[in-house]
Amino acid sequence: MMAMLEIQHVHTYYGNIHALKDISLNIDKGEIVTLIGANGAGKSTTLKTISGLLRPRHGTIQFEGEDLTRYLPHEIVAKGVVQVPEGRRVFGRLTVTENLEMGAFAITDRQVISKNLERVFALFPRLKERRHQVAGTLSGGEQQMLATGRALMANPRVLLMDEPSMGLAPVLVDNIFDTIRQLHADGTTILLVEQNARIALQVASRGYVLQSGVILLNDTAENLRMNEMVRKAYLGES
Amino acid sequence: MLKKWRRLKERITPTDIVMWVIGGAILALIIWGSTATIAAGRYNSHHWFDFVIFGLAQGSIYALIAMGYTLVYGVLRMINFAHSEVFMSGPYTAYFVAAAFYRSDFLDQHPFISLLVIFLVAMITSAGIAFLLERIAYRPLRAAPRLIPLITAIGASFFLQYVFRGLYGSGFQAYPVVKIFEGEWAFGEFRILRFHALVIVAAALLLAALYSFIQRTRIGKAIRAVSEDKEASYMMGIDVDKMISTTFVIGGLAAGAAGVLYALMFKQVHFFMGFIPGIKAFTAAVLGGIGNIPGAMLGGIFLGLIESVGPSLFLDGLGIIAPYQLKDAIAFTMLVLVLIFRPTGILGERLAVKKA
Ligand SMILES: Nc1ncnc2c1ncn2[C@@H]1O[C@H](COP(=O)(O)OP(=O)(O)OP(=O)(O)O)[C@@H](O)[C@H]1O
Ligand SMILES: [Mg+2]
């Protein structure tokens, strides 16, 4: 039985910088898997390669039995592999509602779009209050809600989240992770990229540790939390 | 107090002072000239009314062309210098349709159908040229340094000029006059040339349609999203290349329509006709803040008005003999002034995107 998303022996380059070196990872349906690593480890590069923004030089990315490397980024979104980008990247001059509509760009059925909109507003009532506001004037926490909601508008089958906790106050980080748990409970499959290993290993069932473009460790979240090296390097314990 | 002054002094460079002196001098000249003109009373309200109407007609044409510059700048961050040829290609091609209609008398028997066909031919031609331009000349250079597509645009501009010269000849062609738009309409004591009214109304409708397309439709919103952040747009499932193509097509449609209005107003077409209005519309887009859509519209109308009212108002009172000859000089002085004092355009800075 094949995993829902299966990345095998992927090598990605920026010019002649070898950013991903033989990365393999897989995610089963309904799982939360985390990918942790320090700055510059290649976490965003991994997600961009899955999303088709970067082409791997070698390797395959199978999603439900199809090779994603043959598709363009917008086609990959239409298949249900959707990314919440690092740093949120909301469209600052578009309103909250317009941002959410852009998230649903791959969907043409208006009824589905308005159903998704209701769902996102139910998940983030704050966004509903501010739906006519221009996204550039939202607070950091609200922008993260918007970035997450925007991705949910596309009916993701796998959600790729790139450092959702980045730059947020601890309370807001808790909020975002509550949302992640809730999405998981609703059956969404999530690949969670984090530098905040502590919190990522709390929500995920399994994890990969990435260092300088190489997968160093691959284990259950519990084992990773116990791992000596992880505790020293990523959990800040001695 | 003293400290504050010193800090201020450190921040002001000699260049700043020279710039402000130049700015102040120009402002003083404008005020002096305007006062003198009004005091001399050489122009009455009818004259001013005519200037304003002409300025609005001219300006709304600039506004339509400026949309193309600003939209393309938005999605590609480049100035499409070949846009003036996109503008020329439409009315020049439609000229042959117009001339055929004129010869067969169809033009005066069915003026509205004729105009509709002329507009459609021009808009489709300009949009097609814009589409091909992006596909063939700009898309392969998407990843190149920014100077390269800019130089390519200038090359494409010459290329298109000479292609159309080769196809259609190098002479001026007189655009046929539609009879029902000859003469004037009277509103009380004021009179408007009919074709000026036609230009203003048609341009206003087109601008409104364009604006609501960009603001309200799914594609329009996606174009704005691509203008802000291409990579995030890809992540949303937006087909960025298609949106860029669409942007060129929309700019082309607007330019083609503007071209017909221009040809109806000045009653001729020529392979080089795009150059001056193109550069004026570029000025208008810069005035409004390049990339800013309402800005381009307002910038165009503002420039048209300044060009039309300005020479008489500012220069006549200064004793300049043929002020109207200086209208282009006024337009380009505006461009230089804006670039020096407000590079973000008269509408001011675009909404700052908070990177929280
Ligand atoms: N556009 C680029 N061109 C060249 N090198 C790049 C580019 N983007 C990333 N890199 C390099 O690739 C490596 C991996 O970068 P990546 O952004 O994937 O790291 P990351 O794990 O997401 O880090 P962070 O936690 O800081 O976001 C880094 O060494 C980085 O310098
Ligand atoms: Mg990253």
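Cut-offs applied
Residues numbered from 1 in each chain as written. Chains lettered and ligands numbered in written order. Predicted model: local features only at pLDDT ≥ 70, side-chain atom pairs only at ≥ 80, totals over all residues. Heavy atoms only, no water. Near = heavy atom within 4 Å. Polar contact = N/O pair within 3.5 Å; in protein donor to acceptor, adjacent residues only side chain to side chain. Areas by Shrake-Rupley, 256 points an atom, 1.4 Å probe, with all protein chains shown as cover. Helix = DSSP H or I, 4+ residues; strand = E, 2+ residues; numbered from the N terminus. Nonpolar A, V, L, I, M, F, W, Y, C, P; charged D, E, K, R; others polar. Contact = heavy atoms within 4.5 Å. Buried area = accessible area lost by both parts, 1.4 Å probe. Salt bridge = Lys/Arg side-chain N within 4 Å of Asp/Glu carboxyl O. Buried < 20%, exposed > 50% of the residue type's maximum accessible area, 1.4 Å probe, protein only. Donors = N, O, S within 2.8 Å, 3.2 Å for Na, K, Ca; no water. 1 Å grid on protein atoms, 1.4 Å probe; cavity = no way out; pocket = protein on both sides within 12 Å on 5 of 7 lines; lining within 4 Å. Points joined across faces, edges and corners; volume = space filled by probe spheres on them. pLDDT = per-residue confidence, 0-100. Pairing = 2+ DSSP bridges. Domains from an automatic or database assignment.

*Asks:* Report on the site of ligand 1, specifying residues and quantitative values.
*Replies:* Residues and elements named next belong to chain A. Near ligand 1 there are 14 residues, and of these N39, K43, S44, T45 and E86 occur at the shortest range. A distance of 2.7 Å is found between an oxygen atom of ligand 1 and a side-chain nitrogen or oxygen belonging to S44. When isolated, ligand 1 has an accessible area of 630 Å², and the protein chains bury 61% of it. Sorting the residues of the shell around ligand 1 by element identifies β2 (17-27) and α1 (43-51) as the ones contributing at least two each. When residues in the shell around ligand 1 are grouped by element, the largest group, 3 residues, is from α1. Here the shell around ligand 1 is composed, by residue class, of 5 nonpolar, 6 polar and 3 charged.

*Asks:* A description of the interface of chain B and chain A should follow, citing residues and the corresponding values.
*Replies:* Listed by partner, the interface residues are 23 residues for chain B and 31 residues for chain A. Sorting the residues of chain B by area buried against chain A places B:R218, B:M235 and B:M236 first, and these three jointly supply 27% of that buried surface. Taken together, the connections running from chain B to chain A amount to 5 salt bridges. Linking B:R224 and A:E98 is a salt bridge whose minimum nitrogen-to-oxygen distance equals 3.0 Å. At the junction of chain B and chain A, the tally comes to 9 residue pairs in polar contact (both at pLDDT 80 or more). When residues of the side of chain B that touches chain A are traced back to their parent elements, those giving at least two are α9 (218-228) and α10 (230-235) of chain B.

*Asks:* An account of the side chain of B:E307 is requested, with residue identities and associated values reported.
*Replies:* All names here are of chain B. Summarising the element assignment, E307 is placed in helix α13 (residues 293-315). With a relative accessible area of 1%, E307 lands in the buried category. Side chain to side chain, E307 and K280 meet in a polar contact 3.1 Å long. Setting aside residues up to four positions removed in sequence, E307 forms contacts with Q58, Y62, K280, Y324, K327 and A331.

*Asks:* So, the environment of A:A135: which residues are in play, and what are the values?
*Replies:* All names here are of chain A. Among the secondary structure elements, A135 is positioned in the loop between α5 (125-129) and α6 (140-152). Put simply, A135 and T45 are 90 residues apart on the chain and 26 Å apart in space, counted from C-alpha to C-alpha. Setting aside residues no more than four positions away along its own chain, A135 makes contact with V90, F91, G92, L94, T95, N99, Q143 and L146.

*Asks:* Outline the coordination of the magnesium ion (ligand 2), supporting the account with residue identities and numerical values.
*Replies:* All names here are of chain A. The protein atoms that coordinate the magnesium ion (ligand 2) are S44 (OG) and E86 (OE), at distances of 1.9 to 2.1 Å. Placement of the pair is S44 in helix α1 and E86 in the loop between β6 (81-84) and α3 (96-103), with a sequence separation of 42 residues. Note on S44: relative accessible area 18%, which makes it buried.

*Asks:* So what's going on with the side chain of B:T70? Residues and values would help.
*Replies:* Residue and element names in this part refer to chain B. Considering the arrangement of structural elements, one finds T70 in helix α3 (residues 45-76). Overall, T70 belongs to the buried group, its relative accessible area being 1%. A polar contact is formed between the side chain of T70 and the backbone nitrogen of G291, at a distance of 2.8 Å. Among residues more than four places away in sequence, those in contact with T70 are A285, G289, I290, G291, N292, I293 and A296.

*Asks:* So what's going on with empty space enclosed by the protein? Which residues, and what values?
*Replies:* Over the atoms, a rolled probe matching the size of one water molecule traces out where space is still vacant. All names here are of chain B. With the rule as written, the count across this model stands at 4 cavities of 30 Å³ or more. Approximately 110 Å³ is the volume found for the largest cavity. Along its surface, the largest cavity is lined by L115, Y175, P176, V177, V178, F181, E182, F195, L198, A263, L264 and K267. Within the residue set of the lining of the largest cavity, elements represented by two or more residues are α8 (194-216) and α11 (240-266). Its residues assigned to classes, the lining of the largest cavity shows 10 nonpolar, no polar and 2 charged.

*Asks:* Before we move on, can you summarise the confidence of the model for chain B with the specific residues and values?
*Replies:* All names here are of chain B. When pLDDT is averaged along chain B, the result is 85, and 94% of the positions lie at 70 or above. Across chain B, the secondary-structure element scoring lowest on mean pLDDT is helix α1 (residues 2-11), at 72, and the one scoring highest is α9, at 95. A low-confidence stretch, residues 350-356 stays under pLDDT 50, and its non-local contacts, those more than four residues away or across chains, total 18 contacts. Scoring the predicted complex yields pTM 0.90 and, for the interface, ipTM 0.92.

*Asks:* Quick rundown of the pairing of strand β4 (residues 58-63) of chain A? Include the residues and the values.
*Replies:* Residue and element names in this part refer to chain A. Bridge count between strand β1 (residues 5-14) and β4: 5 bridges; the pairing is antiparallel. Its bridge partner being in β4, E6 is matched across the sheet by Q62. Strand direction decides the pairing type here: β4 and strand β5 (residues 66-67), joined by 2 bridges, are antiparallel. Residue pairing in the sheet places F63 in a bridge with E66 of β5.

*Asks:* Explain the domain arrangement of chain A to me, and be specific about the residues and the numbers.
*Replies:* Residues and elements named next belong to chain A. What the domain assignment lists for chain A is domain 1 (1-80 + 156-238) and domain 2 (89-155). With 15 residues of domain 1 at the contact, the number on the domain 2 side is 13 residues. Scanning the region where domain 1 abuts domain 2 turns up 0 salt bridges. Our count for the contact surface shared by domain 1 and domain 2 stands at 1 residue pair in polar contact (both at pLDDT 80 or more). Going through the elements one at a time, α2 (73-78), β7 (158-162) and α7 (170-185) are the ones with two or more residues in the side of domain 1 that touches domain 2. Looking at the side of domain 1 that touches domain 2 element by element, the count peaks at 5 residues for α7. Residues of the side of domain 1 that touches domain 2, tallied by class, amount to 10 nonpolar, 4 polar and 1 charged.

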